[in-house]
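Fold and geometry: a report
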Amino acid sequence: MFDLDALDSHALAALLTWQRDMGVTEAIGEAPVDRYAHAEALAARRAEAAAATAGPGAASGLDAVQPGKRRPPPPPKPVEIDPAAEAAAAVAGVTTLEALAVALEAFEHCELKRGARNFVFSDGRAGARVMVLGEAPSREEDQQNQLFIGAAGQLLDRMFAAIGLSRSAPDAEAAIYVANVLPWRLQSPHKLPAPGDIAMMRPFVEAHVRLADPDVLVVFGETAFRAACGRQGGRAARGVWTEAFGRPVLPMDPPADLLRTPAAKREAWAGLLSLKERLGRR
């Protein structure tokens with residue numbers, strides 16, 4: 001055995017270097033060491049030190065905080081946002097259609113807008129006696145930034161021309177004004193927007209109708225019916241007058257649906273004649 005007390009610092013350093021080179025990983029003393037008891041004693045001393053540091057009333061056991069460490073603060077609760085309430089706030093001070101378009105385009109709580117190319121707001125003459133409300137722009141309408149174009153748009157124009165109305169008419173008496181519940185193209189055009197999305201857009205629709213100020217509102221399809229009337233059942237209500245936003249409402253099939261189901265044109269024509277009568281047109 002070495003007399004370590006007789007070795008100077010250089011000799012001790014050389015001895016440690018030799019042990020390292022030989023692969024020594026653990027020192028063995030002359031007396032056995034109960035390392036389990038040593039670990040328990042160390043844990044007890046740490047718990048006592050933590051309790052002394054924290055003071056009276058501090059947690060103990062597994063909840064004790066080790067010396068030198070602070071318990072992390074609880075994560076903040078996520079802020080819950082009501083999109084419909086945000087939409088109502090966005091239109092609260094809007095007094096013109098131009099301001100409404102700005103507020104709607106800047107609205108950031110509608111995820112449906114993410115895949116659209118353009119913001120397609122309206123067409124026709126504002127102030128017309130008849131306002132037509134559809135669902136959302138098609139892919140072609142999104143690309144060209146114009147509502148009701150292509151075959152569906154041509155059919156719409158022919159339908160209203162048959163009762164003396166046109167979106168290009170200069171006077172409000174013979175004009176129509178067209179808009180959609182959603183001014184952005186849907187990524188899945190054959191899937192209806194969720195009820196929450198329709199409820200979110202309803203304050204904008206209500207403001208749009210108020211500012212356009214039509215005598216009559218024509219709604220195309222289930223989405224437009226729910227956004228205007230606040231309930232489902234647009235298909236069953238086709239051709240039956242109801243009321244929304246303090247105005248008469250006529251539910252009808254969208255022109256795109258009429259192209260796919262020509263037999264439904266008979267019912268659409270009956271609706272147009274009812275609209276003509278309601279307007280008092282000859």
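Right above here is the structure, for reference.
Residues numbered from 1 in each chain as written. Predicted model: local features only at pLDDT ≥ 70, side-chain atom pairs only at ≥ 80, totals over all residues. Heavy atoms only, no water.

Our next topic: helix H7 (residues 195–212). The end-to-end C-alpha separation of H7 is 25 Å, in line with the 26 Å expected for 18 residues at 1.5 Å each. Most pronounced at arginine 202, the bend in H7 amounts to some 35°, and the proline proline 203 follows within four residues. Among the residues making up H7, those that are buried are Ile198, Met200, Met201, Pro203, Phe204, Val205, Ala207, His208, Val209, Leu211 and Ala212. A positive phi of about 55° marks aspartate 213, the residue just after H7. (Helix = DSSP H or I, 4+ residues; strand = E, 2+ residues; numbered from the N terminus. Expected span 1.5 Å × (residues − 1). Bend = angle between axes of the 7 residues up to and from the residue. Buried < 20%, exposed > 50% of the residue type's maximum accessible area, 1.4 Å probe, protein only.)

Another point: unusual backbone geometry. Comment: phi is negative for the bulk of residues other than glycine, and the bulk of peptide bonds are trans. Even without being a glycine, asparagine 145 presents a positive backbone phi close to 55°. Relative to the elements of secondary structure, asparagine 145 occurs in the loop between helix H5 (139–144) and helix H6 (150–161). Its identity as a non-glycine residue notwithstanding, aspartate 213 has a phi of 55°, on the positive side. Examined against the element boundaries, aspartate 213 turns out to sit in the loop between H7 and strand S4 (216–220). In this structure aspartate 213 comes out as partly exposed when scored by relative accessible area, which is 46%.

So, about the pattern of salt bridges. This structure, assessed with the given rule, holds 13 salt bridges. The shortest N-O distance in the salt bridge between arginine 167 and aspartate 123 comes to 3.0 Å. Of the two residues, arginine 167 is situated in the loop between H6 and strand S3 (176–180) and aspartate 123 in strand S1 (residues 122–124); the sequence distance between them amounts to 44 residues. Between arginine 238 and aspartate 253 there is a salt bridge, and its shortest N-O distance comes to 2.9 Å. Of this pair, arginine 238 sits in the loop between helix H8 (221–229) and strand S5 (242–244) while aspartate 253 is found in the loop between strand S6 (247–252) and helix H9 (255–260), placing the two residues 15 residues apart along the sequence. Aspartate 253 shares its class with arginine 238; the two are buried. It is possible to trace a salt-bridge network through shared partners that takes in Glu108, Glu111, Lys113 and Arg114. (Salt bridge = Lys/Arg side-chain N within 4 Å of Asp/Glu carboxyl O.)

Next up on the list: the nonpolar core. Membership of the largest hydrophobic core comes to 46 residues, with the highest contact counts inside it found for Leu100, Val181, Met201, Phe204, Leu217 and Val219. Where this core is concerned, the elements lending two or more residues are helix H4 (97–105), strand S2 (130–134), S3, H7, S4 and H8. The biggest single contributor to this core is H7, with 9 residues. Not counting residues within four places of it along the chain, the set of residues in contact with phenylalanine 204 comprises Ala87, Ala90, Val91, Leu100, Ala103, Leu104 and Phe107. One finds Leu155, Phe160, Ile163 and Leu258 within the second-largest nonpolar core, a separate group that totals 24 residues. (Core = buried A, V, L, I, M, F, W, Y, C linked by side-chain atoms within 4.5 Å. Contact = heavy atoms within 4.5 Å.)

Now for the sheet that holds S4. Taken together, the 6 strands give an open sheet; going across it, the order is S1-S3-S2-S4-S6-S5, and neighbouring strands pair in mixed fashion. In this open sheet, the two strands that pair with only one neighbour each are S1 and S5. When strand polarity is set aside, the average angle formed by the axes of neighbouring strands in this sheet is 30°. Of the strand pairs in this sheet, S2 and S4 are connected by 4 bridges, and their pairing is parallel. Note on S4: the bridge partner recorded for methionine 131 is leucine 217. Packing of H6 onto the sheet brings it into contact with S2, S3, S4 and S6, and relative to S2 it is tilted by some 150°. (Pairing = 2+ DSSP bridges. Axes fitted to C-alpha atoms, helices over the stretch in contact; angles between N-to-C directions.)

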